Amino acid sequence: MAGMLDAVDQRTQLVGENRLELLMFRLGGMQMFAINVFKVQEVVQLPRLNLMPHRHPSVAGVTHFRRRTIPVIDLSESIGLRPINRDEPCNLIVTEYNNSVQGFMVGEVDRIINMNWSEILPPPDGAGRQHYLTAITRVNDRMVEIIDVEKVLAEITPYDTRISEDVIDKDLLTLAKGLEVLVVDDSSVGLAQCKSTLDHLGITVHSATDGKRGLDVLKGWASAGEDVPNKLLMLITDAEMPEMDGYRLTREIREDPRLKDLYIVLHTSLSGSFNKAMVQKVGCDDFLSKFQPDKLASIIQERIRSVVGQD
């Protein structure tokens, strides 16, 4: 337990200061790619894989890892490159996204680097693999491409944004129509999935693709004389984003007298145990793992009830 608490403390300090760690690797060529270490459980040499019938083309097979069977995804093939050459050294990056565990088959694993989110930039327009990137950065004057893993996983197992009938409070639907929410997420898939669920409730959705842009939108409204905490039912923000992460965004909002009372929900695919600690540290009002439309709908409806009750 002490080890877990130490890990929580170290990671809350890291992201609370708008910092992240990237695991860098190659997919067969010279180009360097990366994903957030926060989502990585372990890196091992590629074990023996078992084939699955009717599997997705990007799924190389399954393997047994720490007493569980996990799918192994050829990360190179999944983003439109050549499949990993298994005759050369290969590694398996075991990750957890949205409370599910999977492995990504990659080539050479390079190292872990500690960076500031301000050094992580959105991919340029027209980038060849922009469709599968959330961001880029430079390390020792070499470009590193940060992969949109949520998009990769969504293409293999599409997410369902529909809300269960028994979750919807029909009496609240009339109250929900016309209410406004700002969603901040750098992943096109994450943004689209969240917007689709909110559309089912009749919520008007504003969006921004990173924390800095989200903060600019909020401050722009405030400078125009709008009462932002009353204008918006809530802000729903991703955790990891270029230039400014969701934790720093929350801190900036809490330090602005015009915005400080805004209701903020952290909506992320990162590990829940760590995020709950971070929610308390930076001052979010609630936490939700991504791609759970019923839970998102429940949080929205509970917030509506709270606002109506205050009136």
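Residues numbered from 1 in each chain as written. Predicted model: local features only at pLDDT ≥ 70, side-chain atom pairs only at ≥ 80, totals over all residues. Heavy atoms only, no water.

- The name an unreviewed UniProt entry assigns to the protein is Chemotaxis protein CheV, from the organism Rhodanobacter aciditrophus.

1. Comments concerning the pairing of strand β10 (residues 142-147)
Piece 1. Taken together, the three bridges between strand β2 (residues 32-36) and β10 define a ladder with parallel strand orientation. If you follow F33 over to β10, its bridge partner there is E145.
Piece 2. Note: strand β9 (residues 133-139) against β10, six bridges, orientation antiparallel. The residue of β10 that forms the bridge with A135 is I146.
Piece 3. Remark: two residues form the turn of the hairpin made by β9 and β10, two consecutive strands paired antiparallel; N140 in that turn has positive phi of roughly 55°. (Pairing = 2+ DSSP bridges. Helix = DSSP H or I, 4+ residues; strand = E, 2+ residues; numbered from the N terminus.)

2. A few points about the pattern of salt bridges
Piece 1. All chains considered together, the criterion is met by 21 salt bridges.
Piece 2. The shortest N-O distance in the salt bridge between E180 and K231 comes to 3.0 Å. Residue E180 is located in strand β11 (residues 180-184), and its partner K231 is located in helix α7 (residues 228-231); the two are separated by 51 residues in the primary sequence.
Piece 3. Accessibility expressed as a relative area gives 19% for E180, which makes it buried.
Piece 4. The partner of D238 in a salt bridge is K290, and the shortest N-O contact between them spans 3.6 Å. Taken together, the positions of D238 in the loop between β13 (232-237) and α8 (246-254) and K290 in the loop between β15 (286-289) and α10 (293-310) put the pair 52 residues apart, joining distant regions of the chain. A single burial state applies to D238 and to K290, both of which are buried. (Salt bridge = Lys/Arg side-chain N within 4 Å of Asp/Glu carboxyl O. Buried < 20%, exposed > 50% of the residue type's maximum accessible area, 1.4 Å probe, protein only.)

3. Points about the UniProt feature "modified residue: 4-aspartylphosphate" (unreviewed entry) in the protein
Piece 1. Sequence positions flagged by UniProt for "modified residue: 4-aspartylphosphate" (unreviewed entry) are, in local numbering, D238.
Piece 2. Residue classification places D238 among the buried positions, given a relative accessible area of 3%.
Piece 3. If we ignore the near neighbours within four places in the chain, the residues touching D238 are V184, D185, D186, G246, L266, H267, T268 and K290. (UniProt positions renumbered as here; feature names shortened; annotations may be inferred. Contact = heavy atoms within 4.5 Å.)

4. As for empty space enclosed by the protein
Piece 1. Counted according to the given criterion, the structure contains four cavities of 30 Å³ or more.
Piece 2. In this structure, the largest cavity encloses a volume near 190 Å³.
Piece 3. Lining the largest cavity are 21 residues, with K39, T134, I147, D186 and E240 sitting closest to its centre.
Piece 4. Looking at the lining of the largest cavity, the elements with two or more residues in it are β1 (19-26), β2, β9, β10 and α3 (149-156).
Piece 5. Looking at the lining of the largest cavity, its residues break down into eleven nonpolar, three polar and seven charged. (1 Å grid on protein atoms, 1.4 Å probe; cavity = no way out; pocket = protein on both sides within 12 Å on 5 of 7 lines; lining within 4 Å. Points joined across faces, edges and corners; volume = space filled by probe spheres on them. Nonpolar A, V, L, I, M, F, W, Y, C, P; charged D, E, K, R; others polar.)

5. Looking at unusual backbone geometry
Piece 1. Even without glycine at this site, R67 takes up a positive phi of about 70°.
Piece 2. By secondary structure assignment, the location of R67 is in the loop between β4 (59-65) and β5 (68-74).
Piece 3. Classification of R67 by relative accessible area gives exposed; the value is 91%.
Piece 4. At D141, a residue that is not glycine, the phi angle is positive and equals roughly 65°.
Piece 5. Within the secondary structure, D141 sits in the loop between β9 and β10.

6. Notes on the pairing of β1
Piece 1. For β1, the buried fraction is high: six of the eight residues fall into the buried class.
Piece 2. As defined by bridge partners, β1 adjoins strand β8 (residues 109-116) across seven bridges and the pair is classed as antiparallel. Bridge pairing links F25 to V109 in β8.
Piece 3. As defined by bridge partners, β1 adjoins β2 across five bridges and the pair is classed as antiparallel. Counted as the bridge partner of L23 is I35 from β2.

7. Considering the layout of surface pockets
Which parts of space are left empty comes out when a probe the size of a water molecule is rolled across the atoms.
Piece 1. The space that makes up the largest pocket amounts to roughly 380 Å³.
Piece 2. Forming the boundary of the largest pocket are 18 residues, of which L27, G28, G29, R82 and I84 lie nearest the centre.
Piece 3. Taken together, the residues of the lining of the largest pocket break down into seven nonpolar, six polar and five charged.

8. Describing the sheet that holds β1
Piece 1. If you walk across this open sheet you meet the five strands as β8-β1-β2-β10-β9, and the pairing is mixed. A single partner strand is all that each edge strand has here, and the edge strands are β8 and β9. In this sheet, neighbouring strand axes are inclined to one another by 35° on average, regardless of whether the strands run parallel or antiparallel. (Axes fitted to C-alpha atoms, helices over the stretch in contact; angles between N-to-C directions.)

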